[in-house]
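Fold and geometry: a report
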Amino acid sequence: EKGEDVIATLARSFNGMADSLQSQIKELAELSRVQQRFVSDVSHELRTPLTTIRLAGDVLYDQRGSFPASTARTAELLHAQVQRFELLLNDLLEISRYDAGSVQLETEPTNLVHLAEDAIDGMRTLAESKGTDLRLVAPGGHLDAEVDPRRIRRILHNLIGNAIEHGEGKPVVVSVDSDQSAVALAVRDYGLGMSDADAQRVFDRFWRADPSRKRTIGGTGLGLAISLEDATAHGGHLEVWSMPGKGSCFRLTLPRTERGRITSSPLPLPP
Ligand code: ADP
């Protein structure tokens, strides 16, 4: 009898613990929803005044030739910082969409070799400005997958941009490869590279390596975090290999879906 009492007391206290844990989890979930909403609301709110500032800044920037040198320099600074601010806001909005679970992929059958060529073409100017030889290694012909081409192109832009920026003018190689089950898009540079500790954090939001690495107007530190969300949303992976002084390689692996697309809604079963 005593044993039963003990068990009953234990059961009651476990129930109590489970209840309070559940309500704490609910509270936490609510808090994180509020936080997500806040980030999203603030980003939306900032957009309108920023547009006004940009328009005014553009006017000054366009007329900078007629200003004294120091004022012209200020106009250039304003222009650059407004651009940076816009990038940051767009990235924040995108992250908050992922957090809210409101991202809908717009997938279509896409030739990944063409997509890689497109992405490279879009980065040529940047590559040339840094003296970087940007190359594609890809099989001839088609390599199709059911993807959201806008998002995959964005991943490649991020990876190629980073490779050029940290590549110290050495070649950057983009490769497209596939096996039975997956398609891999890789971006390899032979530049600065990273320590293991840095590589571990590279997909963290806002994380950027050693700020003493002098850089021109940089990105937002959200590029790889968004790329990882994009890859995950496709059921894919994004991995990094890096070695200080030897360079880095980022590889995006996507499930091969030529013979059918992956769907998140249940498929109707035959009777
Ligand atoms: P951003 O480029 O805006 O700083 P990312 O999320 O794209 O943000 O990258 C985060 C950080 O990871 C970069 O600031 C840089 O320190 C490091 N990183 C990314 N790609 C490379 C690369 N190819 N080589 C060396 N470091 C890199």
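An account of the accompanying structure is given in this report.

Definitions and limits used
Residues numbered from 1 in each chain as written. Predicted model: local features only at pLDDT ≥ 70, side-chain atom pairs only at ≥ 80, totals over all residues. Heavy atoms only, no water. Helix = DSSP H or I, 4+ residues; strand = E, 2+ residues; numbered from the N terminus. Rg over C-alpha atoms; globule rule 2.2 N^0.38 Å. Buried < 20%, exposed > 50% of the residue type's maximum accessible area, 1.4 Å probe, protein only. Contact = heavy atoms within 4.5 Å. Areas by Shrake-Rupley, 256 points an atom, 1.4 Å probe, with all protein chains shown as cover. Lys, Arg positive; Asp, Glu negative; His and termini not counted. Charge placed at Lys NZ, Arg CZ, Asp CG, Glu CD. Core = buried A, V, L, I, M, F, W, Y, C linked by side-chain atoms within 4.5 Å. Expected span 1.5 Å × (residues − 1). Phe/Tyr/Trp six-rings, centres within 6.5 Å; stacked < 30°, edge-to-face > 60°. Lys NZ or Arg CZ within 6 Å of the ring centre and 35° of its normal. Near = heavy atom within 4 Å. Polar contact = N/O pair within 3.5 Å; in protein donor to acceptor, adjacent residues only side chain to side chain. Salt bridge = Lys/Arg side-chain N within 4 Å of Asp/Glu carboxyl O.

**A look at the overall build of the protein chain**
When you go through the protein chain residue by residue, the secondary structure sums to six helices and seven strands. N-terminal to C-terminal, the α/β element order of the protein chain is α-α-β-α-β-β-α-β-β-α-α-β-β. Whereas a compact globule of 271 residues would reach a radius of gyration of roughly 18 Å, the protein chain reaches 24 Å, over 25% beyond that. Expressed as lengths along the three principal axes of its C-alpha atoms, the size of the protein chain is roughly 95 × 50 × 45 Å. Here the protein chain holds 271 residues, and the buried ones make up 31% of them. In the protein chain, the share of contacts with a sequence separation of at least 24, taken over all contacts with a separation of at least 6, comes to 72%. As displayed, the protein chain offers around 17000 Å² of accessible surface, 56% of which is attributable to carbon and sulfur atoms. Charge centroids of the protein chain, computed over 31 positive and 38 negative side chains, lie 4 Å from each other.

**Considering the nonpolar core**
Core analysis: the largest hydrophobic core is formed by 36 residues, its most contacted members being Leu 134, Ile 152, Leu 156, Ile 160, Val 187 and Leu 252. For this core, the secondary-structure elements that each account for two or more residues are helix H3 (112–129), strand S3 (144–147), helix H4 (149–165), strand S4 (172–178), strand S5 (182–189), helix H6 (223–233) and strand S7 (247–255). Looking at this core, the element that brings in the most residues is H3, giving eight residues. When sequence neighbours within four positions are dropped, the list of residues in contact with Ile 152 reads Leu 115, Val 147, Leu 185, His 234, Leu 252 and Leu 254.

**Some points on H4**
Taking 1.5 Å as the rise per residue, H4 with 17 residues should run 24 Å; its terminal C-alpha atoms sit 24 Å apart, in good agreement. All of the buried residues in H4 are Pro 149, Arg 151, Ile 152, Ile 155, Leu 156, Leu 159, Ile 160, Gly 161, Ala 163 and Ile 164.

**Some remarks on the environment of Leu 192**
Counting through the fold element by element, Leu 192 comes out in the loop between S5 and helix H5 (196–201). Considering only alpha carbons, one finds Leu 192 and Lys 170, 22 residues apart in sequence, at a separation of 9.9 Å.

**Focus: the packing of aromatic side chains**
Under the criterion given, the structure shown has one aromatic pair. Taking the ring centre of Tyr 61 as reference, the NZ or CZ of Arg 64 above it sits at 3.9 Å. Its end group placed over the ring of Tyr 190, Arg 188 keeps NZ or CZ at 4.1 Å from the ring centre.

**Considering the site of the ligand**
In the region of the ligand, 18 residues are neighbours, and Asn 162, Asp 189, Arg 208, Gly 221 and Leu 224 sit closest. Note that a nitrogen atom of the ligand is positioned 3.4 Å from one of the side-chain N or O atoms of Ser 248. Coverage of the ligand by the protein amounts to 97% of the 540 Å² it exposes when considered alone. When residues of the shell around the ligand are traced back to their parent elements, those giving at least two are H4, H6 and S7.

**Let's talk about the pattern of salt bridges**
In total, this model carries 19 salt bridges according to the counting rule given. Close ionic contact of Arg 37 with Asp 41 constitutes a salt bridge, the shortest N to O distance being 3.9 Å. Residue Arg 37 and its partner Asp 41 are both found in helix H1 (residues 2–62); the two are separated by four residues, about one turn of the helix. As a salt-bridge pair, Arg 205 and Glu 229 come within 3.4 Å of each other at their nearest N and O atoms. Of this pair, Arg 205 sits in the loop between H5 and H6 while Glu 229 sits in helix H6, placing them 24 residues apart in sequence. Here the salt bridges share partners, and the residues they tie into one network are Glu 94, Arg 97, Asp 148, Arg 151, Arg 154 and Asp 230.

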